[in-house]
Amino acid sequence: MRPMSLHITRATPSEYPLLRNLYPLYLHDLSEFGNLYTLDPQGIWQPDYLPTWLCESEQVHPLLFRLDERPVGFAFVGQAPFPYMTAGRDYLLSEFFILRSERRRGLGQRAAMAVFDRFRGMWELAQLRANHAAIAFWRRVVTEYTGGAFEETLPLIRVSMGNAVAPATVGAVQLLFHFLRC
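We now turn to the structure provided with this report. (Residues numbered from 1 in each chain as written. Predicted model: local features only at pLDDT ≥ 70, side-chain atom pairs only at ≥ 80, totals over all residues. Heavy atoms only, no water.)

1. Some points on the pairing of strand β7 (residues 122–128)
The buried count for β7 comes to 6 of 7 residues, which makes it a mostly enclosed element. Inspection of the sheet shows strand β6 (residues 91–98) paired to β7 by 3 bridges, in the parallel sense. Residue Leu-93 lies in a different strand from β7, and its bridge partner there is Leu-125. (Buried < 20%, exposed > 50% of the residue type's maximum accessible area, 1.4 Å probe, protein only. Helix = DSSP H or I, 4+ residues; strand = E, 2+ residues; numbered from the N terminus. Pairing = 2+ DSSP bridges.)

Written out as structure tokens, the structure reads:
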């Protein structure tokens, strides 16, 4: 059996409905780690940061992951001067999602490394403190990708996104790393 081909593409406006369908699955997964994400009376996950990622801006990169032609996940990358990232960073990996049925097969690592290869520079990413599996995953991926040349910090950064606090940084562990590969 041949291995399935992983394709990572920037989502086009015609693919935004697909991201709108995948995004609630991601928020449902995150709801396990505290009360940052809850359902409103209509059953819609709040807070909803998806409009930030689907705006037409050179500072946002909504990426879709597909195995062959089948959607399996996404990543949202902010590019400086994206307003919700630490100064001095080039990129923020804000959201990263792989369908549960595709996890633990190396797909997440392949996708993450492909995203890092796509955008070279100083990266910032964070996980919710209670999400121990994500912290372990990112430590493993970043260690392998950088050969251990990264900085891990534990700040309590609050970044305002309107009246809300950006969920990726609240009570988060941050992995900051820089790589220069040609």
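Okay, back to it.
2. Structural notes on the pairing of β6
Successive side chains on a regular strand alternate, one facing one side of the sheet and the next facing the other. The buried count for β6 comes to 8 of 8 residues, which makes it a mostly enclosed element. With 7 bridges joining them, strand β5 (residues 70–79) and β6 adopt antiparallel strand pairing. Each bridged residue has a counterpart across the sheet, and for Ala-75 the counterpart in β6 is Phe-96. You can see the chain leave β6, run along helix α3 (residues 107–118) and come back into β7, and the turn it takes is right-handed. (Right-handed = clockwise from strand over helix to strand, strands pointing away.)

3. Some thoughts on unusual backbone geometry
Geometrically, the link from Gln-46 to Pro-47 is a cis peptide bond, its omega value of -5 degrees lying close to zero. With an omega dihedral of 10 degrees, the bond running from Ala-80 to Pro-81 counts as a cis peptide bond. Considering the arrangement of structural elements, one finds Pro-81 in the loop between β5 and β6. Of note, Asp-68 is a non-glycine position whose phi angle comes to about 55 degrees, a positive value. Owing to a relative accessible area of 23%, Asp-68 belongs among the partly exposed residues under this scheme. Located in the positive-phi region is Arg-104, a residue other than glycine, with phi close to 70 degrees. With respect to the secondary-structure elements, Arg-104 resides in the loop between β6 and α3.

4. A closer look at the pattern of salt bridges
Pairing between side chains of opposite charge can happen when their charged atoms approach one another. Applying the stated criterion across every chain, the model contains 8 salt bridges. Among the ionic pairs, Arg-100 bridges to Glu-32, the shortest N-O distance being 4.0 Å. Taken together, the residues Arg-100 in the loop between β6 and α3 and Glu-32 in the loop between α1 (16–30) and β2 (38–39) connect sequence positions 68 residues apart. Where salt bridges share partners, they join Asp-29, Glu-32, Arg-100 and Arg-103 into one cluster. (Salt bridge = Lys/Arg side-chain N within 4 Å of Asp/Glu carboxyl O.)

5. A closer look at the packing of aromatic side chains
This structure, assessed with the given rule, holds 20 aromatic pairs. Ring centres of Phe-116 and Trp-123 lie 5.0 Å apart, and the angle between their planes is 65 degrees; this geometry places the pair in the edge-to-face category. Trp-123 carries the same exposure label as Phe-116, and that label is buried. Among the aromatic residues, ring-to-ring pairing joins Phe-65, Tyr-91, Phe-96, Phe-116, Phe-119, Trp-123, Phe-137, Trp-138 and Tyr-145 into one connected group. (Phe/Tyr/Trp six-rings, centres within 6.5 Å; stacked < 30°, edge-to-face > 60°.)

6. Observations concerning the packing of α3 against helix α4 (residues 132–146)
The description of two helices packed together rests on the angle between their axes and the distance between the axes. Following both chains from N to C, one finds α3 and α4 inclined at 50 degrees, their axes separated by 10 Å at the closest point. The pairing of α3 with α4 is recorded here as oblique in orientation. Once α3 is placed against α4, the crossing between them reads as right-handed. Together, Gly-108, Gln-109, Ala-112, Met-113, Phe-116 and Asp-117 of α3 and Phe-137, Trp-138, Val-141, Glu-144 and Tyr-145 of α4 make up the contact between the two elements. Split into classes, the residues belonging to the contact of α3 with α4 amount to 7 nonpolar, 2 polar and 2 charged. (Axes fitted to C-alpha atoms, helices over the stretch in contact; angles between N-to-C directions. Parallel < 35°, antiparallel > 145°, perpendicular 65-115°, else oblique. Left-handed = near helix turned anticlockwise from the far one by under 90°. Contact = heavy atoms within 4.5 Å. Nonpolar A, V, L, I, M, F, W, Y, C, P; charged D, E, K, R; others polar.)

7. A look at the nonpolar core
Within the largest apolar cluster, 51 residues are counted, with the highest numbers of intra-cluster contacts made by Phe-65, Leu-93, Phe-96, Val-115, Phe-116 and Trp-138. Looking at this core, the element that brings in the most residues is α1, giving 7 residues. When sequence neighbours within four positions are dropped, the list of residues in contact with Phe-96 reads Tyr-26, Phe-65, Phe-74, Ala-75, Gly-108, Ala-111, Ala-112, Phe-137 and Trp-138. (Core = buried A, V, L, I, M, F, W, Y, C linked by side-chain atoms within 4.5 Å.)

8. Examining the environment of Thr-52
Examined against the element boundaries, Thr-52 turns out to sit in helix α2 (residues 50–53). The spatial distance from the C-alpha of Thr-52 to the C-alpha of Phe-76 is 9.8 Å, given a sequence separation of 24 residues.

In short, shape yes, function no, at least from these values alone.
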